[in-house]
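Letter by letter, the chains look like this.
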Amino acid sequence: MARLTVNTGGLPFGDIRDGGKYYVDKTLLIKDILDMDDRGVYLFARPRRFGKTTNISMLDAFFNIEYKGNNWFDGLEISNHHEYDPYRNAFPVIHLDFQNTTATTFDMFLNMVRKEILRAYKRHRYLLEGNLLPDERRIFEELAMRDMPEDDLSDSVKLLSEMLYRYHGVKVIVLIDEYDRAVTHAFDTELLANVIRFMGNLMSSTLKGNLCLQMAYVTGVMQLAKAGMFSGMNNINVDSVLSTMSDERFGFTEAEVRNILDYYGHADKLGEVMEWYDGYRFGSADVYNPYSVMMYVSKGFVPGSYWADVGGIKPMVWMFGHMDPKGLGIATTLFGGSSEAVKLRDSMTYDDLRLSKAENLYTLMVLSGYCRAEPDGGKYRITIPNKEVRGILDSMLEEAVTIPDTLFERFNRAVAEGDADSIASAVQCVLDDSSYYEELEDERSFELIVLTMLHGQVQNYDIRAQPERGNGRADIILTPRSGDVVPIIIELKVSASEDSMDGTLDEALQQIHDRKYYMGMSGRVVLIGMAFFRKTAACRTEILDLRAPPKMSRRSGQHPQARRGCAVRCTGRSGLGINTASP
C-alpha cells in the first residue's frame, strides 16, 4: 500500500480522503456541536492555519445533502457514533469562505464578497429549475452581472436560505470561514468602518431571525464584541482558545504528532518538533501548530518558520508601535522566555485595539496564537509558546520599536562587554528623547526601558525580569543559551538626587553580592549596576570571577579579583574616554 502523502492544508475534506492524503482525525467536532445544540449558531475562534478550514470542509462533507452516499468518514471516529447518522448528508449547505476578501477600497471589497456569494449561488443553480419568484431570479442575475446593490447583498445569504428551504423542505446549515479576515486587513484604514458595517449587516441578516436556518458554524481568529460585528446577536455560542469544549479539535496533540513522525519514519525528531512547534494551549489541551508540523515533514524534516502570516498580524504590529513602556517592557520579557500574569478580555472591538493597552495586546496575542495562556487565579499566565513564534515576534518588535538600530546595537554590545560608559550613554539617548517613555515614576519604569533595549540579546540569552535567584529577586538576569557567552546580572535603583547617584550605584552592586544573585553560576559573570534620577542615567560594572575562592573586600564587599568598571553619568554623550572592564 502506498504511503499517504503530506497534506499542508487548503484541500477540501473529500479530496483529502480520496487523494491519499494523511489526515489527523478531528471528526468528533461533529459530536461536540450536535451534543450542544443542533440548532445553534457557533463561532469557533482559533489562530490561522490551525485547522479551521479543514474542519469546516469536513462539516460540509458530513452535513451537505449533495454528498450523499460518500465513504469519506469510513474508519474515522464519528463513524462509531451511529446516533448521528440521521444528520449525515441530510441538509442543504451554504458554504462561504471570506479569506480572499481583503481589499484596499470598499468597492473592491464588495466585489470580492459578490464573487464569493455568487459561488455559493452557483452551487445551487438547480434552484433555477424550480418555482422561483421573479425577485429571486433577479438575485441570480444581479450576482452574475456583479451589480447587486449593497443592501441586497447583505440579505442575499438569507434569501438563498429561503429558496433552499422551500426546494428541499429542510432547513439550511450555513458555514462561514474567516469571517473577520477582511476586517483585520482593513485595520487602521478608512476602509475599516465600512467593512465592519457591511459584515455586521450580512452576519445579522444571515444568523439572526433567519427562520430557514438549522445551524450555523462560523470561524475566525477573534471574537469581535457585540458593539462591533455581532450587534444585537445573543444567540452565538463562542468557542475560543480559552474554551475547554472542542479544545483538541484544532491543532495536533502530542500523541498525534508522535503518530505522524512514526508514520514518516522519524520518531527521533519529536524533540526538535517540540522545540519549534509545540507549546500552544487551547482550553485544557496542549497542542502543536498543525500547519508547521506538516510543513516540517514536507520539507524533509528541516525546522524553520513556516507559520508567519503578515496580513493576520497587522493589528499586532500596529499595537507594538504604539505601546506604552509598560506593555512593551512586558513583551520583551516574554520574548526572553519569562512569563507574565495578565488580564485577558473575552472579546474586543477594533476601537479597543487602537487604545494600545497591554491587556488588549496580550488578548490579541493569545487569540492569534502568539502567546500561550493558562488560568492563574483571576488572571492568565502567558508565555511565548515556541522557537518559531519567538522568531516571528522578534522580527515584529524590531519593525515596531522606533529606537534607531544603531542605538540598540550599541547598547547590547555594551551590555555584553560590561562597558559602563556606553551602557549609560545609550540609555541616556532614549531618556533625552521626550517622545519615548514620558512617565518615569519608579524603578519598574526604568527596568522596562532597559528590558526593551535588551531585545537584541534574546538570541544569546534567556532574559528574565525579577527572577528568584540566590537570596532574593534580581531585577534582570541574562542567562546564556550557550557556553560562548557569560551570564549578566543587572540591578537598577532610583536615586533621591543627582548628587547621590554615585552612592546608589554602590548600593546596586552591593545588593547583587549581599543577596548572591550569582549563586549557581560559574566562571566569569558581568555585574551591572544602574542608577536613575529623573531622566539622568549612570552605570557601573564589575567582572566577577567565580573560579577563585570568594573573598570580600572591606571597601565595597566585592570580590578582590573582580574589576570594577567606571561610574559614568551621561547626558546623551558617548565616548567619554573612560575604559571599562570587559569579559
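Being a predicted model, the structure only gives us computed values, none of them experimental. (Residues numbered from 1 in each chain as written. Predicted model: local features only at pLDDT ≥ 70, side-chain atom pairs only at ≥ 80, totals over all residues. Heavy atoms only, no water.)

What about the overall build of the protein chain?
We count it as follows: Counting from the N terminus, the helices are the DSSP runs of H or I reaching at least four residues and the strands are the DSSP runs of E reaching at least two. For every residue, the accessible area (1.4 Å probe, protein chains only) is compared with the maximum for its type, and the residue is labelled buried under 20%, exposed over 50%, or partly exposed between those bounds. In what follows, a contact means two residues having at least one pair of non-hydrogen atoms within 4.5 Å. We get accessible surface area from the Shrake-Rupley algorithm with a probe of 1.4 Å; when it comes to residues, only the shown protein chains can shield them.
Counting secondary structure elements, the protein chain contains 20 helices and 19 strands. For the protein chain, the proportion of its 583 residues judged to be buried stands at 56%. Expressed as a percentage of contacts within the protein chain between residues at least 6 apart in sequence, the contacts between residues at least 24 apart total 71%. Of the roughly 24500 Å² of accessible surface on the protein chain, 46% is carried by carbon and sulfur atoms.

Focus: the packing of aromatic side chains
Remark: the centre distance and the inter-plane angle together describe each pair of aromatic rings, the angle taken between the planes. Stated formally: What counts as a ring pair is set by centres within 6.5 Å for rings of Phe, Tyr and Trp (its six-membered ring), and what kind of pair is set by the plane angle: stacked under 30 degrees, edge-to-face over 60, tilted for all other angles. When the NZ atom of lysine or the CZ atom of arginine is within 6 Å of a ring's centre and also within 35 degrees of its normal, the charge is said to sit over that ring.
This model, assessed by the stated rule, comprises 27 aromatic pairs. A ring pair is formed by tyrosine 296 and phenylalanine 301, whose centres lie 5.6 Å apart and whose planes are at 85 degrees; its orientation type is edge-to-face. Take tyrosine 296 and phenylalanine 301: they sit in the same class, and that class is buried. Taken together, Phe13, Tyr23, Phe62, Phe63, Phe73, Tyr87 and Phe91 form an aromatic cluster joined through their ring pairs. In this structure, arginine 3 packs its charged tip against the face of tyrosine 263, placed 5.7 Å from the ring centre.

Some thoughts on the environment of glutamate 77
Checked against the element boundaries, glutamate 77 lands in the loop between α3 (52-63) and β2 (93-97). Once the C-alpha coordinates of glutamate 77 and aspartate 25 are considered, the two residues, 52 residues apart in sequence, prove to be 7.1 Å apart. The contacts of glutamate 77, once residues within four sequence positions are left out, are Asp25, Thr27 and Leu28.

Concerning the sheet that holds strand β10 (residues 379-383)
Going by this rule: Any two strands with at least two DSSP-identified bridges between them are counted as paired. Note on geometry: axes are lines fitted to C-alpha atoms, helical ones only across the stretch in contact, with angles between N-to-C directions running from 0 to 180 degrees.
The strand order across the open sheet formed by three strands is β8-β10-β9, and the pairing between neighbours is antiparallel. Among the strands making up the open sheet, the edge pair consists of β8 (340-342) and β9 (372-376). Across this sheet, the average inter-strand angle for adjacent strands is 35 degrees, counted without regard to direction. Pairing analysis gives five bridges linking β9 to β10, with the strands arranged antiparallel. Residue pairing across strands places glutamate 374 opposite arginine 381, the latter belonging to β10.

Observations regarding the packing of helix α4 (residues 106-122) against helix α8 (residues 192-207)
Using the following cut-off: Here the word oblique covers every angle except those under 35 degrees (roughly parallel), over 145 (roughly antiparallel) and from 65 to 115 (roughly perpendicular). Left-handed describes a crossing whose near helix is turned anticlockwise from the far helix by less than a right angle; the clockwise case is right-handed. Each residue is assigned to one of three groups, with Ala, Val, Leu, Ile, Met, Phe, Trp, Tyr, Cys and Pro labelled nonpolar, Asp, Glu, Lys and Arg labelled charged, and all others, Gly among them, labelled polar.
Where α4 contacts α8, the two axes come as close as 10 Å, and the packing angle between them is 30 degrees. Comparing the axis directions of α4 and α8 gives the class roughly parallel. The handedness of the crossing between α4 and α8 comes out as right-handed. For the pair α4 and α8, the contacting residues are Phe106, Phe109, Leu110 and Val113 in the first and Asn194, Val195, Arg197, Phe198 and Met199 in the second. Here the residues of the contact of α4 with α8 sort into seven nonpolar, one polar and one charged.

Some points on the confidence of the model for the protein chain
Rules: pLDDT runs from 0 to 100 and stands for how confident the predictor is about each residue.
Put simply, the protein chain has an average pLDDT of 84, and 85% of its residues get 70 or more. Contacts for the low-pLDDT stretch residues 550-583, under 50 throughout, to residues beyond four places or in other chains number 105 contacts.

Re the packing of helix α2 (residues 28-36) against α3
Packing of α2 against α3 leaves a shortest axis separation of 10 Å and a crossing angle of 75 degrees. Put simply, α2 runs roughly perpendicular to α3. Residues Leu29, Ile30, Ile33 and Leu34 of α2 pack against Asn55, Met58, Leu59, Phe62 and Phe63 of α3. Split into classes, the residues belonging to the contact of α2 with α3 amount to eight nonpolar, one polar and no charged.

So, the pattern of salt bridges
Threshold: Think of a salt bridge as a Lys or Arg side-chain nitrogen and an Asp or Glu carboxyl oxygen that are within 4 Å of each other.
On inspection of all chains with the given rule, the structure shows 22 salt bridges. Ionic pairing is found between glutamate 275 and lysine 387, a salt bridge with its closest N-O pair at 3.9 Å. Of this pair, glutamate 275 sits in helix α10 (residues 270-277) while lysine 387 sits in helix α16 (residues 387-400), and the two are 112 residues apart along the sequence. Between arginine 473 and glutamate 468 there is a salt bridge, with its nearest N and O atoms 3.0 Å apart. Here arginine 473 falls in the partly exposed class, since its relative accessible area comes to 42%. For glutamate 468, a relative accessible area of 62% puts it in the exposed group. The network of salt bridges with common partners includes Arg48, Lys52, Glu178 and Asp180.

Some remarks on the pairing of strand β16 (residues 524-533)
For clarity, the cut-off: When the strands point away from the viewer, a crossover counts as right-handed if the route from the first strand across the helix to the second turns clockwise.
Most of β16 is tucked away, with nine of its 10 residues classed as buried. Of the strand pairs in this sheet, strand β15 (residues 488-494) and β16 are connected by seven bridges, and their pairing is parallel. The partner of leucine 492 across the bridge, within β16, is methionine 530. For the handedness criterion, the β-α-β arrangement of β15, helix α20 (residues 501-514) and β16 is classed as right-handed. For β16 and strand β17 (residues 536-545), the ladder comprises 10 bridges, and the chain directions are antiparallel. Considered in β17, the bridge of leucine 527 is made with glutamate 542. If you look at the hairpin formed by β16 and β17, you'll find two residues sitting between the two strands, and arginine 534 has a positive phi there, around 55 degrees.

Considerations on helix α6 (residues 150-168)
Under the convention used in this document: A helix is expected to span 1.5 Å multiplied by its residue count minus one. Bend is the name given here to the angle between axes fitted to two runs of seven residues, the run ending at a residue and the run starting at it.
Given a rise of 1.5 Å per residue, 19 residues ought to cover 27 Å, and the 28 Å separating the end C-alpha atoms of α6 matches this to within 8%. Along α6, the sharpest kink reaches roughly 45 degrees, centred on serine 156. Taken as a whole, α6 has its buried residues at Leu153, Ser154, Ser156, Val157, Leu159, Leu160, Ser161, Met163 and Leu164. At its buried positions, α6 is contacted by β2, α4, α5 (134-145), β3 (172-177) and α8. Remark: glycine 169 follows α6 within two positions and exhibits a positive phi of approximately 70 degrees.

Here we look at the sheet that holds β3
The parallel open sheet is built from five strands, whose spatial order is β2-β3-β4-β1-β5. Two strands lie at the open edges of the sheet, namely β2 and β5 (236-239), each paired on one side alone. The sheet shows a mean angle of 15 degrees between the axes of neighbouring strands, taken without regard to direction. Bridge analysis of strand β1 (residues 41-45) against β5 gives four bridges, and the strand direction is parallel. Within β5, the residue paired with valine 41 across the bridge is isoleucine 236.

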